[in-house]
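Here are the chains, one letter per residue:
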Amino acid sequence: MNKQQAQTLIEELFTQPFNRERYELFLKNLLNHIEPGSRAGKHYVGNLIEEAFKLLVTQYWCLGKYIDPDGAELDLLVVEVRSFAKLERARSALRNFAISRLRKFDKDQSLIAFYAKDDGGADWRFSFVRREFKSCKRENGNIGIEEELTPARRYSYLVGQHEKSHTACRQLMPILEKHAIDPHIEDIENAFSVETVTDEFFEQYKTLFRKLAAHLKTQPLFHRADESETEEQVSRFAKKLLGQIVFLYPELSDSHPEGHLSR
C-alpha cells in the first residue's frame, strides 16, 4: 500500500462515524492477516456480558485475532457502549472491561473499537489494551508475579465525525505503509504511546513560545529600560498565557493524545 492509499484509508475511517465494514478493512491492511480463532464473529449480548459491565456495554463482537512474528496474540474487538458520555469519560471502566475479558480468555492484549449506541458511533474510541507481568518482592521476602495494565488515558484515541484525528493518523501511517511486513505488537503499542506525542507537543510549545515572545517584545507595554527585565516580563506573560490556553483546551487538559497546541 503506497502512502496516498494508506492516508486515504485511515482518514476515511478516523474522520467519520464508526463503520464496521470500513474498520475491518482497515484492520486487514494494518495487520496484513487476521486469524479467525475459535471465537471469531461471536456476538456477545445479554447474559453473555458480565454483570459488572452491563450498565456500560450493550453488546460486543470478537472479530478474530492477530498473531505477530513473535507468536504474540492480539484480540480484535468491536464494543458498543450505552452512551457517548461513557465513551468519552469512562476510559478506566472501558479499560477494565477489556482487561476482564483478557483474563477470562487468558489473553494479554487487545485492539478495540468502542462506539456509543446513543449517537450511532458519530465519535468513537480506538484503544490498545495490554496486561503485562513482572516479578516483585512480597512482604514475606518471596518473589511473586504482579500484573501491570496499560494506562487507560494514554493508550486510546478519540476519533470520528467531530474529532480531529491527525495524531492517530500520523502514528498509525508507518505501519499501514509497510504492507509487506507483519507488525510486531510493540509496533502497535508504540503507535499509541503518549511519549512520542508528548515530545511533539513540547516541540510545538517551544515554537509557539518563541513566536509569542518575539511578538510581545515589539509591544510598548513590555518595554523596559533594562533589557533583562523586558525578557523576564515577556517570558512570564508568554508562559502564563500558553498555560491558560492548555488548561482551557479540553483535549490537552485531559492528557489526550489528540491534543495539539497548533490547532
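Right, let's walk through the structure included here. Note that the structure is a prediction, hence the values are computed from the model and not measured.

### Here we look at the packing of aromatic side chains
Within the structure shown, the criterion is met by 19 aromatic pairs. Residues Tyr-23 and Trp-124 carry aromatic rings whose centres are separated by 6.0 Å and whose planes lie at 85° to one another, so their mutual orientation is edge-to-face. Residue Tyr-23 is found in helix H2 (residues 20-31), and its partner Trp-124 is found in strand E5 (residues 123-137); the two are separated by 101 residues along the sequence. Among the residues examined, Tyr-23 registers a relative accessible area of 0% and is labelled buried. Seen in terms of ring centroids, Phe-26 and Phe-126 are 5.9 Å apart; in terms of plane orientation they differ by 75°. Their pairing is edge-to-face. With Phe-26 in helix H2 and Phe-126 in strand E5, this residue pair connects regions lying 100 residues apart in the sequence. Overall, Phe-26 belongs to the buried group, its relative accessible area being 0%. Taken together through their ring pairs, the aromatic side chains of Phe-14, Phe-18, Tyr-23, Phe-26, Tyr-115, Trp-124, Phe-126, Phe-128, Tyr-155, Tyr-157 and Phe-192 make up a single cluster. Looking at Arg-101, its charged tip hangs above the ring of Tyr-44, at a distance of 5.4 Å from the centre.

### Considerations on the side chain of Thr-58
Among the structural elements, Thr-58 can be located in strand E2 (residues 57-67). One polar contact links Thr-58 to Glu-80, side chain to side chain, over a distance of 2.4 Å. Excluding its chain neighbours within four sequence positions, the residues that come into contact with Thr-58 are Val-45, Gly-46, Ile-49, Glu-80, Val-81, Arg-82 and Lys-117.

### A few points about unusual backbone geometry
We note that Asn-32 has phi near 75°; this positive angle belongs to a residue other than glycine. Tracing the backbone through its elements, the reader meets Asn-32 in the loop between H2 and strand E1 (43-45). With relative accessibility at 23%, the residue Asn-32 sits in the partly exposed group. The phi angle at Asp-106 is positive, at roughly 55°, despite the residue not being glycine. Along the chain, the position of Asp-106 falls in the loop between helix H4 (91-104) and strand E4 (109-116). Judged by relative accessible area, Asp-106 falls into the exposed class, the value being 62%.

### Looking at the pattern of salt bridges
With the rule as written, the count across this model stands at 12 salt bridges. In this structure, Glu-73 and Lys-107 form a salt bridge, with 2.7 Å as the shortest nitrogen-oxygen distance. You can see Glu-73 sitting in strand E3 (residues 73-81) and its partner Lys-107 sitting in the loop between H4 and E4, a full 34 residues away along the chain. Exposure remark for Lys-107: the relative accessible area of 13% places this residue in the buried category. Its salt-bridge partner being Glu-231, residue Lys-217 comes within 2.9 Å of it at the nearest N-O pair. A residue pair is termed long-range when its members are at least 10 positions apart, and Lys-217 in the loop between helix H7 (194-216) and helix H8 (227-248) and Glu-231 in helix H8 qualify at 14 residues. Lys-217 gets classed as partly exposed once you look at its relative accessible area, which sits at 34%.

The rules behind these values
- Residues numbered from 1 in each chain as written.
- Predicted model: local features only at pLDDT ≥ 70, side-chain atom pairs only at ≥ 80, totals over all residues.
- Heavy atoms only, no water.
- Phe/Tyr/Trp six-rings, centres within 6.5 Å; stacked < 30°, edge-to-face > 60°.
- Helix = DSSP H or I, 4+ residues; strand = E, 2+ residues; numbered from the N terminus.
- Buried < 20%, exposed > 50% of the residue type's maximum accessible area, 1.4 Å probe, protein only.
- Lys NZ or Arg CZ within 6 Å of the ring centre and 35° of its normal.
- Polar contact = N/O pair within 3.5 Å; in protein donor to acceptor, adjacent residues only side chain to side chain.
- Contact = heavy atoms within 4.5 Å.
- Salt bridge = Lys/Arg side-chain N within 4 Å of Asp/Glu carboxyl O.

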